[in-house]
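Close look at the chain arrangement
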Amino acid sequence: MTQRHILEFGGRALFAEAQRLIPRGFGVARRIYREACLEGRFQPDTMGLRPEAVEAWRAAFRFSLPRVVRSVAEPSAFDGDTIKTVLATEEGLEFEMVRVPMGGGKYTLCVSSQVGCRLACGFCETGRMGLLRNLSTAEIVGQLVLARGFLGWPIRNIVFMGMGEPLDNADNVIGALRVMNDPFGLSYGQQRLTICTVGHPDGLAKLATLGWKRLDVSISLNSATDEVRDRVMPMNRKVGIAALRDALERFPRRAKFVYGINYCLMPGINDRREDAEAVAAFCRSLRVMVNVIPYNPGTKPLARAPTEAEVAQFMAWLSSLHVPVTRRVTKGRSVMAGCGQLGNIELRRTRLPIREGDSC
Ligand code: SF4
């Protein structure tokens, strides 16, 4: 019998599987599933079961969480610390999650979907690692279970904005969204979940098959001209701006759906008035909120960080072109937990072969 990880399942699927393997196991299955999702424990021997039933549970299902390697915090007396936690897979590959304060004692958890990333965006530390492997559904969900159950963080929202391009690992990410949303377990509403993507048309089409209308989607745009986007995001050479825009038009949306458009502002690269005009043209007829993110120079900077005046000027140009715009407050920059700063230099040196089944 193949042993399956409990966190790969939504509640109903697990109950059906348990029912098949262990007759009359439904009530216990609910308790076991809740404990695994909410407390990060799998202990069938504490459920008052007969030894054969405990054995059947252990034979059919396994449970593990990513291992915490270390955490670094950027303190804030105002709204809580930003914490970057380095985690490891069972074979020791490191990846990262970030706790970002939202105020009011609540936090957003920024989760990773891959170890590394193949897309090599020039402003991103993860992109310099290459892709080591996709994270499984259980490893993605495991970040949330660990954050809540073991670290005790009151996580309100989850954003797929950590290491990796989520739609390059669409099957496992969609599996993780289903588990996070499952009312028998973690029960995060669709509106609390955000996929942040470079705008992968095939991946967006796959995401649409979920049929979820309240899921949030944000696009890492960074330039609305092929000339600049080709330079800073090499994947744009395959999927240009026009194809991206078509994919966004086609994506099924609820009434009043608003795309988040993330724009990492890099002085001398994408901060001219013409760049703002291109963004305005790209956004025409889409409902958007453009989030301007001041560039975080990493280990191999493409540019310096923009000044406050440069950020304000770019935002003013967008506003004058009737584009809704806000500034993303950069948190965690001092501990390399800000946007585009996740990555592990050691893994870059010990790059592993990509396994069969990975996306590239
Ligand atoms: S920005 Fe996202 S897609 Fe681009 S290299 Fe970094 S992780 Fe990959």
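Just so it is clear, the structure is predicted and the values come from calculations on it, not from any experiment.

Thoughts on the overall build of the protein
- Counting its regular elements, the protein contains 11 helices and 14 strands.
- For 360 residues, the compact-globule estimate of 2.2 N^0.38 gives 21 Å, and the protein sits close to it at 21 Å.
- Taking the principal axes of the C-alpha coordinates as reference, the protein spans close to 70 × 45 × 40 Å.
- Within the span of the protein, comprising 360 residues, buried residues form 45% of the whole.
- Considering only contacts within the protein whose residues lie at least 6 apart along the sequence, 68% involve residues at least 24 apart.

Topic: helix 6 (residues 201–208)
- Of the residues making up helix 6, those classed as buried are Gly 203, Leu 204 and Leu 207. Buried residues of helix 6, seen end-on, are gathered within an arc of 100° and therefore sit on one face of the element.
- Contacts from the buried residues of helix 6 go to helix 5 (170–181), strand 10 (193–197) and helix 8 (241–250).

A closer look at the site of the ligand
- What surrounds the ligand is the set Cys 117, Leu 119, Ala 120, Cys 121, Cys 124, Thr 126, Gly 127, Gly 164, Glu 165, Val 198 and Ser 220.
- Within the shell around the ligand, the residues separate by chemical class into 6 nonpolar, 4 polar and 1 charged.

A closer look at the confidence of the model for the protein
- For the protein, per-residue confidence averages 89 on the pLDDT scale, and residues scoring 70 or more make up 91% of the total.
- Ignoring residues within four places in sequence, the model shows residues 348–360, a span with pLDDT below 50, making 17 contacts including any to other chains.

So, the packing of helix 9 (residues 273–283) against helix 10 (residues 308–320)
- Direction vectors running N to C along helix 9 and helix 10 enclose 40°, while the axes themselves pass 9 Å from each other. Classified by the angle their axes make, helix 9 and helix 10 are oblique. The interaxial crossing formed by helix 9 with helix 10 has right-handed handedness. Every residue of helix 10 that contacts helix 9 at Arg 273, Ala 276, Val 279 and Ala 280 is listed here: Phe 314, Trp 317 and Leu 318.
- When the residues that make up the contact of helix 9 with helix 10 are grouped by side-chain class, the tally is 6 nonpolar, no polar and 1 charged.

Comments concerning the nonpolar core
- Grouped together as the largest cluster of nonpolar side chains are 95 residues, with contacts concentrated most on Leu 109, Val 141, Leu 144, Met 180, Tyr 263, Val 279 and Val 290.
- When residues of this core are assigned to their parent elements, the largest contribution, 7 residues, is made by helix 4 (residues 137–150).
- Split by domain, the residues of this core number at least three in each of domain 1 (4–62) and domain 2 (67–349).
- Ignoring anything within four residues of it in the chain, the contact list for Leu 109 reads Met 97, Arg 99, Gln 143, Leu 144, Ala 147, Ile 155 and Ile 158.

Calculation rules
Residues numbered from 1 in each chain as written. Predicted model: local features only at pLDDT ≥ 70, side-chain atom pairs only at ≥ 80, totals over all residues. Helix = DSSP H or I, 4+ residues; strand = E, 2+ residues; numbered from the N terminus. Rg over C-alpha atoms; globule rule 2.2 N^0.38 Å. Buried ≥ 20, exposed ≤ 12 C-beta atoms within 10 Å, placed from the backbone. Contact = placed C-beta atoms within 7 Å. Arc of directions from axis to C-beta. Near = placed C-beta within 6 Å. Nonpolar A, V, L, I, M, F, W, Y, C, P; charged D, E, K, R; others polar. pLDDT = per-residue confidence, 0-100. Axes fitted to C-alpha atoms, helices over the stretch in contact; angles between N-to-C directions. Parallel < 35°, antiparallel > 145°, perpendicular 65-115°, else oblique. Left-handed = near helix turned anticlockwise from the far one by under 90°. Core = buried A, V, L, I, M, F, W, Y, C linked by C-beta atoms within 7 Å. Domains from an automatic or database assignment.

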